[in-house]
Structure formats: C-alpha cells, structure tokens
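# Observations on chain architecture
Next come the chains, spelled out residue by residue.
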Number of protein chains: 2
Amino acid sequence: MGYSELNAPMRTIMTPGPVEVDPRVLRAMGTPILGQFDPAFTTIMNEVMEMLRLVFQTKNKWAFPIDGTSRSGNEAILCSIIEPGDKVLVPIFGRFGHLLVEICERYGAEVHTMECPWGEVFEPRDVIEEIKKVSPKITAIVHGETSTGCMQPLKEIGMACRELGVLLVVDAVASIGGTDVKVDEWCIDGLIGGTQKCLSVPSGMAPITYNERIEEIIQSRKKVERGIATDEDNQKVSLRPITSNYFDLSMLQDYWGPRRLNHHTEATSMIYALREGLRLVLEEGLETRFARHELHEAALVEGIKAMGLTLFGDGKNKLPCVTCIEIPKGIDGEAVRAMLLNEFSIEIASSFGPLHGKIWRIGTMGFSCRKENILFVLASLEAVLLRQGFQVNRGEALQAALDVYVGKTEIVVASRGTL
Amino acid sequence: MGYSELNAPMRTIMTPGPVEVDPRVLRAMGTPILGQFDPAFTTIMNEVMEMLRLVFQTKNKWAFPIDGTSRSGNEAILCSIIEPGDKVLVPIFGRFGHLLVEICERYGAEVHTMECPWGEVFEPRDVIEEIKKVSPKITAIVHGETSTGCMQPLKEIGMACRELGVLLVVDAVASIGGTDVKVDEWCIDGLIGGTQKCLSVPSGMAPITYNERIEEIIQSRKKVERGIATDEDNQKVSLRPITSNYFDLSMLQDYWGPRRLNHHTEATSMIYALREGLRLVLEEGLETRFARHELHEAALVEGIKAMGLTLFGDGKNKLPCVTCIEIPKGIDGEAVRAMLLNEFSIEIASSFGPLHGKIWRIGTMGFSCRKENILFVLASLEAVLLRQGFQVNRGEALQAALDVYVGKTEIVVASRGTL
C-alpha cells in the first residue's frame, strides 16, 4: 500500500555490465504485448534469429535467445551436450572460466583444467597441446574475461578443435557486439552472447548459436514434453534425455523452429528489446561499432595513463571494452568507488577472487561507450583521487583523451590483428 | 540494414497468457538501467521481496523472482529439493501436472502419479489417501490448470501434508493475483507464481516463495561458486550439490540475501516491471482485485451461455480467470480463432492434449480483465460464429453481460468458498 512509483536515479554506468541502454531500446519495451503464437510475434522471433546470425557472423540455422541471464546460455548449451563422464577441457584465465568448470562438473563431466595467471591469456599452441593430451569431447573457454579485462585469441584453437573432432564452446558474453567474434571463421561450434554488455540490451536474455555438430547431439537426446507429445513422438524418446527441462535445446528448437511446439512463454518485452538492440547494432554496422569501441577505449587508456595511474595486465590481449586499473598503494578502492557513485552518480567496478581490492575495472560497452561518458569518468576519477590523497597529474587526463578524439594521438590496437 | 523499427499491432488479448499489460508497467520498463549492486537497485530488489510476500500472503523470508519464464520457477524449486530416488507424488488434472512430472523425473525422482479426467479436480481426501499410501518426500500439484480451466482446492491437502511431514509444492502460475492463494494458511511449503497472467507483468520472470522447511534442504546442499568462494566456503561444500547452477536456490539466496554474492546479473528492466506490477496489485487490494476477476468472469460466462454456447466442465471448481467453451459440432475452432485475430484483432486460445480441437479458452486475467474487453470479445465471437454458420441467439450475449454489470444478475461464485 505504501509503495511509491518507481523512481530510479540517473547513473553514468562505466562497469562491465549491466550498462546503459539506448532510449530507443528502452522505448521498444513499452510496445503492447502480443501473444506468443500470434503471427505478428512469431515474425518478430524469426527476425531476431536472422539478426543474431548477422551479429554472430554465422550461417548456423540455430541462433536464438535463452530466456534467462547470460549464464543461462552457458548452462543451456553445456547441459544439452554433456553426458555424465564426458571429458571437457576448460582453460581458465579468470572468474568466468571457473563458472564453466562449475557448470560442467554439475552435469557430470570429467573436467580437465589448465590455468594461467589472472591478467594473462593462453598461447593457443599450449591449449592445442593440452587438447591433444586430454582428448576431450568438448573444449569450453571464455573469449572476453571481464574479471581480468583479457581476451583469448580463438581462431587457431578453433581450427585445431575442428581437425581433432573436439567441440569448441565459447562464452562471448562480454565481447559480442563490442569486438569481432567470428563464429564460423573461427570454427566455434557453440557460442553464448550477453545482452547487458556490448549489445546494450537489458539483462535477462542470453543469445546463443550452435552448428549442426552440436545439433546432432541434441537431436540424439530429443524429447517432446509429456502432455503435448504425440504417439509418434513417444516412440522416438531418447534414453539419454537432457536433465534440465527449461534448458533442453531439443525442446527449444521445436519452439523456435517451424513446429512451434509450446515450451515456455517467450519473454515478450525482452524480445522487443533484443530486436531493437540488434537492429541498432546492424544499423551502426559491426566494423563501425568495433572501431567506436576502440576509439573510446584509446581515449580512456590515454587519460588513465596521463593521470599517473597504471593499467593492469600487459595490454597485449586486452579486451577493448574493459580497462583494468591498478589501485594505487594506500588508496581504498571501495572508498573511491563509493565517492564516484555518491557524488558523481558514476559506477565503476571492482573485481573478483585474486584481483579483489587490487584493481578497478572501467567498462566501455555499447551505449555507455560514448565520448561524454569517457570525459566525465576521467574528470571525476581525477577529482576523487585528489580528495582521497593520491597525487594525480592534474588536468592531464582530459587533455590526453581529447588528443585522441581530435586525432592527435594515434590509436594502437594491441595485438587484435592476430586473432 | 533492412530492418525497420519495431511496429507491433494492437491486440485485445483474451487468452490465459501472456495478457495485456497496464501502460504504467510498460512505462516502468523504460526507466534507465541501474547497476545490480547499486544501493538504489538493491533497494528495489528488497521492495520486490516485500511486495511478493504480501501477494503470496506469506511471512516466508524467501520470496523473489527467478530470472526466467514461469516454468523456470517450477524447475528452480523442484531441482533444489529433489535428490535422485526421492519419492514425489504428482496428482495430474491437466497439462501442467504433466510438466511437474517431467521436471521431477529429469532430476531423478521416483514419481508417483494419480490422474483424474481433464475438466475435473481431485477430492482432497483422495489425494490425502494417496499421500498416505505413497509416503512421498514431496507432493507437487498445480493450483489453477489453464489447460482445463479448473482449480484444485488445496487447504486440506496442505494441512495433511504438514501433519504427515510431506513437502507441498504448488504451481500457482495461473492463479496468483487473480484469486486467493494463501501460502501460509494453506500450509504450502514452496510456491511458484507467474507474471504474464493475473499479475499482468510481461513474461520472463517467475516469482517464487518457500519456507524454512524447504530452506533447510537447500542449505544442506549449499555451494558457493568457484571463482568467488572463500576458503571458509570451500570447507563447507555439500556432497549433494544441486545439479543446476542457474537454478541453485542456495546461490540465489546468497544473491538476494544480505551477502549479495554475485550470481547472475539481475534482469533490470523486468524487475522494474515486476515492482510496478506488484505495486498496482497492492494498490488495487487483493480482495478488490479478486472480486473484479469474478465480476468479469460472471459477465463473460452469462454472455457465453446466453449466446447458446456450452461451458466445458462442471463449473464446480472453475478457475475464475479461465473460461473454457465447447466448440460446437461442425464448427472449425481454429477458423474461428483466426477470424477473431484477423478481423477483430482479438486473441483467444485453444487447448492441449485430449482437449485440442474440443474447447476454446478465454482468459480474463489482470489488465486484460476489463469490461470493454469482455463486451468486445462477446460481440466479436457472436459475429464470427454467425459467419461460420453457427446459429447463435443474436444479440443476447451483450444483454446478459450488461445485466451482470448493472447488478441485475447475481454473481454466484462456484465452490470457491470451500477452499
């Protein structure tokens, strides 16, 4: 009874997600509801599939969202292909590698891991060697690790997996829409994207894609649900069904495919948001969008360095949409974040595990990745650090960033040409 | 590229969901994004929990949404408490009973079922007798079966379960917000609600609640995720962890509770919608809201009967928000639905399994449950049936409905007083 109308403060969100959303996408969610089998709605579902294929750079038949947050996409693909005892290799270079292990173990996989220090990525040849040694059914790996700001080159690993008959499943939640992710060219069999990061759609959906090598496994475990299965369906029931009902991709295919067999009730307003978000990505163009992310990343990085702060990691395989900064000695990282939020209404992130309390992470993702945001976060961070007693080079950060924007400073794109 | 702005037709949605959404709820989704750990956002999360307790009529500590469509709530509760070999009794009186069986079986339960014909519900004493015979760990049952328009009385069953030490899990997806669901008074241990039905919030969230009897099981299977677990957490790892990571309620508790341990990224815009939807439910008041559903149900039912159509089922345990109508002999039910959609932009539903092709279902749920919608669907159905060659009593339906609205016809509320 005593509850007032929703009244959220305005924030400048410079974290690795969830990030700000284009007003056109927010507005799309206000579109009135359509029934899930209304032809007007199934047309929208089909358009979302088409647009996802373009964003994933794939010709895969299957590209659709799971109705859940990003990790629901990881679980949907992994639980649909893992059977107890299956060998999975997970190279871990940050928190979300551990999440892949967690999911695979829960579904009974025999998980083999390899680790490198947080802040680095793997030499592809080391991963390939391990694949040859372990001979797994699946290699599952993160593309962009938001926890460390690093990005793993995948093409060589993908080609080796294809040659060796190993499935490659990739978590591209943080990178999709912000930097190149070439599903077909890199020989990726199953891939999970995120909405609330570089696609700049609210959290709550996990777009996935997978090819016929994964579809074959799914089909062999196919089940049609009790209560709607025909006699013919029941004669073909698999003896190795997928454990989860909600994440059973054999059922989701029948819902997204021409049979349109009822499973869940598709999340209407979120599909509207996803469609509009994808439309804006394609309207901007993938190459232009990736270049925009690199431009603002460069301005941020130059500003951070000019201020006198140190970047975390060697920068060689930096994720363009996440910039990690070492918290200077004697400075309370959480006090800085709190002051940014409370005085400037800006949010930046801390990190997890071994990096907790050691680095800040600034995201430059999707709609949050704009010139005024970069300039505001640099100006604010400078002011807050001065208040907290850290002697920055006053006034240098904005000058360095502006130099990037006027083309005075050349943008050097780390090693991303070698992907 | 070639994609135009989202442009959905306006529909009058008279199905059992997804239904129309109040413009105030649609508007709430346009609120700018907040970070998931922003105090402004965690305040909203806490308010959602408070409001859910009021709607669920419970004092349970745990009441929060799963970020997925309704069935994700069923799976979250069931997979968090079922261990392989556990006995579960599922009394089935429609399609969604089969869904409960499906989920329980997938997680390794030994499922016992009892069935009654679609269109009827169980005598509570028959269910109680079966519970005594089977002695299950869990009884899982649907409250409002949208597939048949029937509602199962639960209070006696709940009291018996409590006495016998059996857990009662209830799927109230279709009934919550439209008719009384008294979690505590009916001794329900775990309950799943839906958003896109009588709460009139878009599909994509599944609000659940559970008490300390269920929490105890969850705590005994508790796990903190790899990559964020402390040494202390790791010393306490359960040997019987929950299979799903996404639906692991022990982790979701740590995310929704004071520890605020990162799990998924809460679906920002959907939480805005849920908060606003719940606020409108509480502003209207539960009793007033239930009475509104009964008023419009009565007008619809009187109109349907006056037209010369026959209701499906004995009406004794009718779900107030779903009215099932027998498709007259010689009439093509799908042709009628198509003409309603294409000429009148009205959607009504068919049904599943044994009722497919035999009945239409008209929903009167939440924001769709309005006088003008009832009058429009009656007028349109009359016109369409005449066009399809069925001789209705011309003009009678609207007169009968109007008689209800002016109080000339008394509203008889089936047997719902005996719940």
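Not measured: the values here are computed from a predicted model. (Residues numbered from 1 in each chain as written. Chains lettered and ligands numbered in written order. Predicted model: local features only at pLDDT ≥ 70, side-chain atom pairs only at ≥ 80, totals over all residues. Heavy atoms only, no water.)

All names here are of chain A. Taken in spatial order, the seven strands line up as β2-β10-β9-β8-β5-β3-β4 in an open sheet, and their pairing is mixed. Looking at the sheet topology across the chains shown, the edges are occupied by β2 (62-66) and β4 (110-115). For this sheet the average axis-to-axis angle between neighbouring strands, irrespective of direction, equals 20°. Direction of pairing for strand β8 (residues 167-172) relative to strand β9 (residues 190-193): parallel, over a ladder of four bridges. Residue alanine 172 lies in a different strand from β9, and its bridge partner there is glycine 193. The sheet contacts of helix α2 (residues 39-56) involve β2, β9 and β10 (206-210), and relative to β2 the element is tilted by about 105°. (Pairing = 2+ DSSP bridges. Helix = DSSP H or I, 4+ residues; strand = E, 2+ residues; numbered from the N terminus. Axes fitted to C-alpha atoms, helices over the stretch in contact; angles between N-to-C directions. Contact = heavy atoms within 4.5 Å.)

Moving on, we come to the interface of chain B and chain A. Across the boundary between the two partners, chain B contributes 83 residues, which contact 84 residues of chain A. In total, chain B and chain A occlude about 7,200 Å² of area from one another, counting both sides; carbon and sulfur atoms represent 58% of this. In terms of surface lost to chain A, no three residues of chain B exceed Tyr3(B), Leu6(B) and Arg106(B), which account for 13% of the buried area on that side. Inspection of the chain B/chain A interface yields 14 salt bridges. For the pair chain B and chain A, the number of links is 40 residue pairs in polar contact (both at pLDDT 80 or more). Of the residues belonging to the side of chain B that touches chain A, the class tally is 38 nonpolar, 23 polar and 22 charged. (Buried area = accessible area lost by both parts, 1.4 Å probe. Salt bridge = Lys/Arg side-chain N within 4 Å of Asp/Glu carboxyl O. Polar contact = N/O pair within 3.5 Å; in protein donor to acceptor, adjacent residues only side chain to side chain. Nonpolar A, V, L, I, M, F, W, Y, C, P; charged D, E, K, R; others polar.)

Residue and element names in this part refer to chain B. A sheet is described by the order of its strands in space; here seven strands give the open sequence β2-β10-β9-β8-β5-β3-β4, paired in mixed fashion. For this open sheet the edge positions go to β2 (62-66) and β4 (110-115), each flanked by a neighbour on one side alone. Going from strand to strand, the sheet's axes swing by 20° on average, the running direction of each strand aside. Note: strand β5 (residues 138-142) against strand β8 (residues 167-172), five bridges, orientation parallel. Paired with valine 142 across the two strands is aspartate 171, which belongs to β8. Contacting β3 (87-92), β4 and β5, helix α5 (residues 124-134) crosses the sheet at an angle of about 160° to β3.

Next up on the list: the relation of the copies chain B and chain A. Aligned on chain A, chain B shows an RMSD of 0.0 Å; the corresponding rotation is 180° and the shift along the axis is 0.0 Å. Such values leave the two copies arranged in the relation of a two-fold axis. For chain B, the residue whose C-alpha comes nearest the rotation axis is Gly68(B), separated from it by 2.4 Å. Both copies contact each other with a shared surface, as 100% of the interface residues of chain B are interface residues in chain A too. (Least-squares fit on C-alpha atoms with pLDDT ≥ 70 in both.)

Quick look at unusual backbone geometry now. At the junction of Gly17(A) and Pro18(A), the peptide bond is cis and its omega measures out at 0° in the coordinates. Looking at the secondary structure, you find Pro18(A) in the loop between β1 (12-13) and α1 (23-28). The backbone of Ser345(A) shows a phi angle near 55°, a positive value even though the residue is not glycine. Considering the arrangement of structural elements, one finds Ser345(A) in the loop between α12 (333-344) and β12 (346-347). For Ser345(A), a relative accessible area of 18% translates into the label buried. Positive phi, close to 55°, is recorded for Ser135(B), a residue that is not glycine. With respect to the helices, strands and loops of the structure, Ser135(B) is situated in the loop between α5 and β5. Here Ser135(B) falls in the partly exposed class, since its relative accessible area comes to 49%. (Buried < 20%, exposed > 50% of the residue type's maximum accessible area, 1.4 Å probe, protein only.)

To continue, consider the packing of helix α3 (residues 70-81) of chain A against helix α4 (residues 95-106) of chain A. All names here are of chain A. In contact at an axis separation of 10 Å, α3 and α4 are set at 40° when each is read in the N-to-C sense. With respect to their mutual orientation, α3 and α4 come out oblique. Judged by the sense of rotation from one axis to the other, the crossing of α3 with α4 is right-handed. Contacts from Arg71, Asn74, Glu75 and Leu78 in α3 reach Arg95, Leu99, Leu100, Ile103 and Cys104 in α4. The class makeup of the residues in the contact of α3 with α4 is five nonpolar, one polar and three charged. (Parallel < 35°, antiparallel > 145°, perpendicular 65-115°, else oblique. Left-handed = near helix turned anticlockwise from the far one by under 90°.)

With that out of the way, let us pick up helix α9 (residues 249-256) of chain A. In terms of burial, α9(A) is largely enclosed, as eight of its eight residues are buried. Inspection of α9(A) places Leu249(A), Ser250(A), Met251(A), Leu252(A), Gln253(A), Asp254(A), Tyr255(A) and Trp256(A) among the buried residues, and these make up the whole buried set.

Attention now goes to the side chain of Ser238(B). Counting through the fold element by element, Ser238(B) comes out in the loop between α8 (231-235) and α9 (249-256). Other than its neighbours up to four places away in sequence, Ser238(B) contacts Ser220(B), Arg221(B) and Lys222(B).

Glancing now at the pattern of salt bridges. Under the criterion given, the structure shown has 64 salt bridges over all chains. For Lys133(A), the salt bridge identified is with Glu130(A), shortest N-O distance 3.5 Å. Of this pair, Lys133(A) and Glu130(A) are both found in helix α5 (residues 124-134), three residues apart, which corresponds to roughly one turn of the helix. Judged by its relative accessible area of 67%, Lys133(A) is exposed. Its relative accessible area of 17% is what places Glu130(A) among the buried residues. Across the pair Arg106(B) and Asp248(A) runs a salt bridge, and its minimum N-O distance is 3.0 Å.

With that out of the way, let us pick up the packing of α5(A) against helix α6 (residues 155-164) of chain A. Residue and element names in this part refer to chain A. At a minimum axis separation of 9 Å, α5 and α6 run at an interaxial angle of 20°. The angle between α5 and α6 falls in the class roughly parallel. Of the two elements, α5 crosses α6, and the hand of that crossing is right-handed. Residues Pro124, Val127, Ile128, Ile131 and Lys132 of α5 form the contact with α6, whose participating residues are Glu156, Ile157, Ala160, Cys161 and Leu164. Here the contact of α5 with α6 is composed, by residue class, of eight nonpolar, no polar and two charged.

Residues and elements named next belong to chain A. For α2, which comprises 18 residues, the first-to-last C-alpha distance of 26 Å matches the rise-based estimate of 26 Å (1.5 Å per residue) to within 8%. Of all the residues in α2, the buried ones are Phe41, Thr42, Ile44, Met45, Glu47, Val48, Met49, Met51, Leu52, Val55 and Phe56. Looking at the buried positions of α2, the neighbouring elements they touch are β2, β9, β10, α9, α10 (268-284) and α11 (286-307). At the exit of α2 stands glutamine 57, carrying a positive phi of roughly 55°. (Expected span 1.5 Å × (residues − 1).)

We now examine the state of the cysteines. Tallied over the entire structure, the rule returns zero disulfides over all chains. With no disulfide of its own, Cys369(A) has Cys198(A) as its nearest cysteine by sulfur position, at a separation of 7.9 Å. In this model Cys187(B) remains outside any disulfide bridge; the closest cysteine sulfur is found in Cys161(B), 9.0 Å from its own. (Disulfide = S-S within 2.5 Å.)

The subject of this paragraph is the packing of aromatic side chains. Across all of its chains, the model carries 23 aromatic pairs over all chains by this definition. With 6.1 Å between their ring centres and 75° between their planes, Phe37(A) and Tyr255(A) make a pair best called edge-to-face. Taken together, the residues span a long stretch of sequence, with Phe37(A) in the loop between α1 and α2 and Tyr255(A) in helix α9 at a distance of 218 residues. The exposure class assigned to Tyr255(A) is buried, which follows from its relative accessible area of 0%. Centre to centre, the rings of Tyr246(A) and Phe247(B) are 5.7 Å apart; their planes meet at 70°, and the pair counts as edge-to-face. With one member in each of two chains, Tyr246(A) in the loop between α8 (231-235) and α9 and Phe247(B) in the loop between α8 and α9 form a pair that bridges those chains. On the accessibility criterion, Phe247(B) (0% relative accessible area) is buried. The aromatic ring of Phe367(A) is capped on one face by Arg370(A), whose charged end is 4.5 Å from the ring centroid. (Phe/Tyr/Trp six-rings, centres within 6.5 Å; stacked < 30°, edge-to-face > 60°. Lys NZ or Arg CZ within 6 Å of the ring centre and 35° of its normal.)

So, about the pairing of β4(B). Residue and element names in this part refer to chain B. Alignment of β3 against β4, held across six bridges, turns out to be parallel. Across the sheet, the residue bridging to valine 88 is valine 111, located in β4. Of the crossover connections in this fold, the one passing from β3 over helix α4 (residues 95-106) to the parallel β4 is right-handed. (Right-handed = clockwise from strand over helix to strand, strands pointing away.)

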